[in-house]
Protein chains: 2
Amino acid sequence: MRREKLVAGIEAGITSMHGLIAHGRGEAFDYLIGERTMDSALQATEVAAAILVSAKKPVLSVNGNVAALASAEMVTLSRLIDAPLEVNIFYRTEARVKRIKELLERSGAKRVLGEMPDARLASIEHARGLVARDGIYTADVVLAPLEDGDRCEALIAMGKKVIAIDLNPLSRTSRYATVSIVDDVQRALRNIITIIRGKNPDRNADPDSILANYDNNRILRAAINEIAGRLVNLG
Amino acid sequence: MRREKLVAGIEAGITSMHGLIAHGRGEAFDYLIGERTMDSALQATEVAAAILVSAKKPVLSVNGNVAALASAEMVTLSRLIDAPLEVNIFYRTEARVKRIKELLERSGAKRVLGEMPDARLASIEHARGLVARDGIYTADVVLAPLEDGDRCEALIAMGKKVIAIDLNPLSRTSRYATVSIVDDVQRALRNIITIIRGKNPDRNADPDSILANYDNNRILRAAINEIAGRLVNLG
C-alpha cells in the first residue's frame, strides 16, 4: 500500500524517482524490523513528543515521500502542537513544492511554509539549502522525517534539536539527529500524536532537561542489535 | 551511478517505478554487505558458472532493472555460452518488452526472445506467466537475476535449475533458487564471465553432479551471518 501511494505520488508530481529508491532502502530495514514499532523506537518517540510540545518554535519539515506517505498525520500533528509545516525537498522544483503545499492544504494544514524560501542552510548546495527564515531557519526544534544526512548535520550545526524518523539506524541522519526514531514514518507520527493526545506532556518543560536523561546512541545500538538478531533468526 | 542508470531507465521506458523501489531494497542490503562480493557469494558464483556452461539449454532472463543495470554483461554472457536472452518483465507492457529487446540488440545480442511469448508458467497470473516456448519454458537452466519469488518458485516446480542473483538472502527468490548469488547483479555477472573465461569450466560436466556437493542453504546462512555481523560492527 505504501508502494502504491508513492507511485501515485510520482504520477501526481509529488514524489521524485530518487524518493522511490530511498523508500526501497527503508522497506528493506522495515522488513528486518518486522514492520512494527520496536521498544527502542517507542522510547525515542516518547522523548520526541515531549520535546515537540515544549519547543518554543517547532517546525515540521515535509518532503516528497513524507507528503505521499503521511500528509494527513503531518497535518494533524501540526494542528495539535500549533507548529507550521515547511515543504523542504531534496530535488527542488517550484512546481513540486507548490503541489506538496496544495496537498497539505487540502488535508487541512493551516500554515505551510517553503514556497518562497528567504534563507539558506550554511554549507549546503544552493537549491538544497533553501529554507524559510520564519520556519526551519529560526526553529529551535525541527521534526525532519526521511531527511538527508547533510541537511540534518547542517541543522544540528546551527544548534537546533532535530527529531529524525528514519528506518535505517546506520544512516547519517540517524547518527546526527538529536532524537532518532527508527520506525516507519506513518507509524512514528501516529505514535507521536497518540502520546501527545493521551499523555498530555508538559508544555512548559525544558527540552534540554528532557534530553539530559536520553542517550540517542544507546537507542540506535538497541535498534541495530534487534535488527541483527532478527536477521539471524529469519535466516 | 546505479541510481542514475535506473532513473535514466525509467525515462527510456525500460525500468518500472516498482523496479526503483525494488532496487532501493537491494541497495540497503548492498550497503550492509559492504558493496563487494562476499566469499559465500563467490562460491555460489563458481557453481553457477559451471552449471551455465554445462547446461543443455540455458536461457538468460532479463527484466527492466537488469536491462538498465547490466545489459552489456548479460549480452556478453549470452554470447560466451551461446544462450539466448529472454525479456521477462513483471509489469509487462508490449512497449517495454520491445524497448528492452532493442537495447539488448544495440548492445550486441544475437538472439532475444520474449516479444511473442507462446507458453505460460503454471499458477502465475496471466501477464506475469508469459514465456517463450523455445526459451524459458523448455530451458533446463535459467539465469534469473532480480527475479520475483512466485516465478522463481514456478520455474523450480517445473524441474528447472534456477540461478538467482539477489542482494536479499532472505527473499523468496533466494530461498527457492537452486543457486542463489547474494550479490549486486553487475558484480555477479562480471564474476561469472571472468570465471568462464579464465577457468574454462567443463562443458560436458553433469549439472547434477556439480550440485551434489553444493549446499545453497549453507551459502545463504553464511551471507545472513556476515550481514548481521557487519550490521553490529557498523553500529
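In short, a report on the structure. (Residues numbered from 1 in each chain as written. Chains lettered and ligands numbered in written order. Predicted model: local features only at pLDDT ≥ 70, side-chain atom pairs only at ≥ 80, totals over all residues. Heavy atoms only, no water.)

1. A look at the interface of chain B and chain A
Note the cut-off: Every residue pair with non-hydrogen atoms within 4.5 Å of one another is taken to be in contact. By buried area we mean the combined loss of accessible area, with a 1.4 Å probe, across both parts when two parts are placed together. We count a salt bridge whenever a side-chain nitrogen from Lys or Arg sits within 4 Å of a carboxyl oxygen from Asp or Glu. Two N or O atoms count as a polar contact when they lie within 3.5 Å, although within protein this holds only if one can serve as hydrogen donor and the other as acceptor, and sequence-adjacent residues are included solely when both atoms are side-chain atoms. Helical segments are the DSSP runs of H or I of at least four residues, strand segments are the runs of E of at least two, and each set is numbered from the N terminus. The residue classification treats Ala, Val, Leu, Ile, Met, Phe, Trp, Tyr, Cys and Pro as nonpolar and Asp, Glu, Lys and Arg as charged. All others, Gly included, are polar.
Counting residues at the interface gives 28 residues for chain B, matched by 28 residues for chain A. The contact between chain B and chain A buries some 2600 Å² in all, and 78% of this surface belongs to carbon and sulfur atoms. Considering only the surface of chain B that becomes buried against chain A, Met17(B), Ile21(B) and Leu231(B) emerge as the three largest contributors, covering 23% of it. For the pair chain B and chain A, the number of links is two salt bridges. Measuring nitrogen to oxygen at the nearest pair gives 2.5 Å for the salt bridge that ties Arg25(B) to Glu27(A). Where chain B packs against chain A, one counts eight residue pairs in polar contact (both at pLDDT 80 or more). Of all elements in the fold, only helix H1 (2-11), helix H2 (17-33) and helix H11 (216-234) of chain B reach the threshold of two or more residues within the side of chain B that touches chain A. Top element by residues in the side of chain B that touches chain A is H2(B). It accounts for 12 residues. Taken together, the residues of the side of chain B that touches chain A sort by class into 16 nonpolar, six polar and six charged.

2. A short note on the packing of helix H3 (residues 39-54) of chain B against helix H9 (residues 185-199) of chain B
Residues and elements named next belong to chain B. As a reminder of what qualifies: Lines are fitted to the C-alpha atoms to define the axes, a helix being fitted only along its stretch in contact, and any angle between axes, read from their N-to-C directions, falls within 0 to 180 degrees. Geometric relationships in this document are graded by angle, where less than 35 degrees denotes roughly parallel, more than 145 denotes roughly antiparallel, 65 to 115 denotes roughly perpendicular, and other angles denote oblique. Left-handed describes a crossing whose near helix is turned anticlockwise from the far helix by less than a right angle; the clockwise case is right-handed.
The N-to-C vectors of H3 and H9 enclose an angle of 60°; their axes lie 9 Å apart at closest approach. Accordingly, the angle class assigned to the pair H3 and H9 is oblique. Remark: the crossing between H3 and H9 carries right-handed chirality. Where H3 approaches H9, its residues Leu42, Thr45, Glu46, Ala49, Leu52 and Val53 are matched on the opposing element by Ala188, Asn191, Ile192, Ile195, Ile196 and Lys199. Each residue belonging to the contact of H3 with H9 can be placed in one class, and the counts come to eight nonpolar, two polar and two charged.

3. Digging into the nonpolar core
What counts here: What makes a nonpolar core is a set of buried Ala, Val, Leu, Ile, Met, Phe, Trp, Tyr and Cys residues whose side-chain atoms join them at distances within 4.5 Å. Each residue is placed in one exposure class: buried if its accessible area under a 1.4 Å probe, protein chains only, is under 20% of its type's maximum, exposed if it is over 50%, and partly exposed if it falls in between.
If you look at the biggest cluster of nonpolar residues, it comprises 104 residues, and the most contacted ones within it are Leu77(A), Val179(A), Leu77(B) and Val179(B). Those residues in contact with Val179(B) that lie beyond four places of it in its chain are Ala44(B), Val47(B), Ala48(B), Ile51(B), Val162(B), Ile163(B), Ala164(B), Leu211(B), Tyr214(B) and Asn216(B). Formed by 30 residues, the second largest nonpolar core is a distinct cluster that contains Leu32(A), Leu167(A), Ile227(B) and Leu231(B).

4. Observations regarding helix H4 (residues 64-80) of chain B
All names here are of chain B. Operational definition: Note that the bend at a residue is defined as the angle between axes fitted to the seven residues ending at it and the seven residues starting at it.
Approximately 95° is the largest bend angle found in H4, and it occurs at Ala70. Within H4, 13 of the 17 residues are buried, which leaves the element mostly enclosed by the surrounding structure. Capping of H4 at its N-terminal end is provided by Asn63; its side-chain oxygen lies 3.2 Å from the backbone amide nitrogen of Asn65. Positioned one or two residues after H4, Asp82 has a phi angle of 55°, which is positive.

5. With respect to the pairing of strand S1 (residues 58-62) of chain A
All names here are of chain A. The following threshold applies: Whether two strands pair comes down to DSSP finding at least two bridges between them. Think of it like this: strands point away, you trace from the first strand over the helix to the second, and a clockwise trace means the crossover is right-handed.
When you tally the buried positions in S1, you get five out of five residues, the bulk of the element. Residues Pro58, Leu60 and Val62 of S1 are buried on one face, and the alternating residues Val59 and Ser61, pointing to the opposite face, are buried as well. Here S1 pairs with strand S6 (residues 141-145) via three bridges, running parallel. Its bridge partner lying in S6, Pro58 is registered against Val141. Of the pairings in the sheet, the one linking S1 to strand S2 (residues 85-87) comprises three bridges and is parallel in character. Paired with Leu60 across the bridge in S2 is Leu85. With helix H4 (residues 64-80) bridging S1 and the parallel S2, this β-α-β connection has right-handed handedness.

6. Some points on the packing of aromatic side chains
We apply this condition: Any pair of Phe, Tyr and Trp rings, taking the six-membered ring for Trp, is counted once the centres come within 6.5 Å. Such a pair is stacked with planes under 30 degrees apart, edge-to-face with planes over 60 apart, and tilted for the rest. Over a ring means this: the NZ of a Lys or the CZ of an Arg is within 6 Å of the ring centre and within 35 degrees of the ring normal.
What the rule picks out here adds up to two aromatic pairs over all chains. Ring geometry for Phe90(B) versus Tyr91(B): centroids 5.1 Å apart, planes at 80°, classification edge-to-face. According to the relative accessible area criterion, Phe90(B) is partly exposed, its value standing at 24%. The partly exposed category is assigned to Tyr91(B), whose relative accessible area is 31%. Between Arg128(A) and the ring centre of Phe90(A), over which it is positioned, the NZ or CZ distance is 3.8 Å. Its end group placed over the ring of Tyr91(A), Arg128(A) keeps NZ or CZ at 5.0 Å from the ring centre.

7. A short note on the pattern of salt bridges
Following the criterion strictly, the structure yields 40 salt bridges over all chains and no others. Salt-bridge contacts for Glu46(B) lead to Lys199(B); the nearest nitrogen and oxygen are separated by 2.9 Å. With a gap of 153 residues between them, Glu46(B) in helix H3 and Lys199(B) in helix H9 connect regions that are remote in the sequence. Assessed through its relative accessible area of 30%, Glu46(B) is described here as partly exposed. Linked through salt bridges whose partners overlap, the residues forming this network are Arg2(A), Asp30(A), Asp183(A), Asp184(A) and Arg187(A).

8. Here we look at helix H2 (residues 17-33) of chain A
Residue and element names in this part refer to chain A. Put simply, the rule is: Each residue after the first adds 1.5 Å to the expected span of a helix.
Along its 17 residues, H2 runs 25 Å from first to last C-alpha, staying within 8% of the 24 Å computed at 1.5 Å per residue. With 14 of 17 residues buried, H2 is to be regarded as a mostly interior element. Gly34 lies just past H2 and shows a positive phi near 95°.

9. What to know about the side chain of Ser54(B)
Residue and element names in this part refer to chain B. Counting through the fold element by element, Ser54 comes out in helix H3. Engagement of the side chain of Ser54 in a polar contact is seen with the backbone oxygen of Ala50, the distance being 2.9 Å. Here Ser54 is in contact with Asp202, Arg203, Ala205, Pro207 and Ile210, once residues within four sequence places are set aside.

10. So, the sheet that holds strand S1 (residues 58-62) of chain B
Residue and element names in this part refer to chain B. Taken together, the six strands give an open sheet; going across it, the order is S3-S2-S1-S6-S7-S8, and neighbouring strands pair in parallel fashion. In this open sheet, the two edge strands, each paired with only one partner strand, are strand S3 (112-113) and strand S8 (179-181). Across three bridges, strand S7 (residues 161-165) lies against S8 in parallel orientation. When the bridges of S8 are listed, Ile163 appears paired with Val179. In this fold H4 packs onto S1, strand S2 (85-87) and strand S6 (141-145), with an angle of close to 160° to the strand it touches most, S1. Contacts between H9 and the sheet are confined to S6, S7 and S8, with S7 contributing the most and set at about 125° to the helix.

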